[in-house]
Amino acid sequence: MTVRSMTELDIPAVIKIEHDCFTAEAWSEESFSYRLGKANFISLVAVDEEKVVGYIAASEVLDEQYLDSLAVREDCRGQGVATSLMKAAFDIEKTVYLEVRKSNLPAINLYKKLGFTQYAERSGYYENPTENAILMRNEK
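Quantities reported herein were computed from a predicted structural model and do not represent experimental measurements.

Thresholds applied
- Residues numbered from 1 in each chain as written.
- Predicted model: local features only at pLDDT ≥ 70, side-chain atom pairs only at ≥ 80, totals over all residues.
- Heavy atoms only, no water.
- Helix = DSSP H or I, 4+ residues; strand = E, 2+ residues; numbered from the N terminus.
- Contact = heavy atoms within 4.5 Å.
- Pairing = 2+ DSSP bridges.
- Axes fitted to C-alpha atoms, helices over the stretch in contact; angles between N-to-C directions.
- Phe/Tyr/Trp six-rings, centres within 6.5 Å; stacked < 30°, edge-to-face > 60°.
- Lys NZ or Arg CZ within 6 Å of the ring centre and 35° of its normal.
- Buried < 20%, exposed > 50% of the residue type's maximum accessible area, 1.4 Å probe, protein only.
- Polar contact = N/O pair within 3.5 Å; in protein donor to acceptor, adjacent residues only side chain to side chain.

1. Focus on the environment of H19
Reasoning step 1: As for its position among the elements, H19 is in helix 1 (residues 11–21).
Reasoning step 2: When the C-alpha positions of H19 and F116 are compared, they lie 26 Å apart, and in sequence the two are 97 residues distant.
Reasoning step 3: Ignoring anything within four residues of it in the chain, the contact list for H19 reads A26 and W27.

2. A short note on the pairing of strand 6 (residues 116–126)
Reasoning step 1: Pairing analysis gives seven bridges linking strand 6 to strand 7 (residues 131–138), with the strands arranged antiparallel. Note that in strand 7 the partner of R122 across the bridge is A133.
Reasoning step 2: From the end of strand 6 to the start of strand 7, which pair antiparallel, there are four residues, and N128 there has a positive phi angle of about 55°.

3. Focus: the sheet that holds strand 3 (residues 51–61)
Reasoning step 1: Spatially, the seven strands line up as an open sheet ordered 1-2-3-4-5-7-6, and their pairing is mixed. Every interior strand has two partners, whereas the edge strands, strand 1 (2–5) and strand 6, have only one. The average angle at which neighbouring strand axes cross in this sheet is 25°, direction not considered.
Reasoning step 2: Inspection of the sheet shows strand 4 (residues 64–72) paired to strand 5 (residues 95–101) by three bridges, in the parallel sense. Its bridge partner being in strand 5, Y66 is matched across the sheet by Y97.

4. Quick notes on the packing of aromatic side chains
Reasoning step 1: According to the stated counting rule, one finds seven aromatic pairs in the structure shown.
Reasoning step 2: When the ring centre of Y34 is taken as origin, the NZ or CZ atom of K38, which lies over that ring, is 4.3 Å away.
Reasoning step 3: Directly above the ring of Y119 sits R137, whose terminal nitrogen or CZ lies 4.4 Å from the centroid.

5. Quick word on helix 3 (residues 81–89)
Reasoning step 1: Restricting attention to buried positions, one finds in helix 3 the residues V81, A82, T83, L85, M86 and A89.
Reasoning step 2: On its buried face, helix 3 is in contact with strand 1, strand 2 (41–48), strand 3, strand 4, helix 4 (105–113) and strand 6.

6. Overview of the side chain of D10
Reasoning step 1: Mapped onto the elements of the fold, D10 is located in the loop between strand 1 and helix 1.
Reasoning step 2: What makes D10 buried here is its relative accessible area of 5%.
Reasoning step 3: One polar contact links the side chain of D10 to the main-chain amide nitrogen of T7, over a distance of 2.9 Å.
Reasoning step 4: The residues contacting D10, other than those within four sequence positions of it, are R4, S5, V45 and V52.

7. Focus on unusual backbone geometry
Reasoning step 1: Here N128 and P129 are connected by a cis peptide whose omega angle stands at 0°.
Reasoning step 2: With respect to the helices and strands, the residue P129 is situated in the loop between strand 6 and strand 7.
Reasoning step 3: For N128, which is not glycine, the phi torsion reads 55° and is therefore positive.
Reasoning step 4: Here N128 is to be found in the loop between strand 6 and strand 7.
Reasoning step 5: Since its relative accessible area comes to 61%, N128 is described here as exposed.

What follows is the structure in C-alpha cells.
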C-alpha cells in the first residue's frame, strides 16, 4: 500500500468510499475537487494494487491542522490504512484537531492510539441520527 496526493482521477473511488461510510454527511465530488492543489488543504489517498482503499482530507491554518474527513473501505479496515494516512497527512510539530461521532469507537480508539485525547463534547453535532461529537486533539 502507498499513500500519495489525491488527483481528479481518484475522486470517483473516493466518493464511493465516502458514501459507503458517511451516508448522512457525505461530501460531494465538488467538495473534493475544490481542495485539490490548494495550499491550505491536504488530500491524500491510500492505494493498494492501483485501487483507492482510503482517503484523508485535512486543512491547515497557521500552526494548527484539522482532520476534515478520513475513511477506509470496509474490506480494508484493520490493516493500518487509516494510521498510514494520518501519519502522512499531519506535521507532528503542529496540533491536530478533529471531531468524531461519540458512537464511532473504532475511530476513537485509533485516534487515542495515535496520541489524541478528548477535550470537549459537542451536543447534537451530527444528524441522521442526531449524535454528540467528541472533540479530540493531539497533545504537543
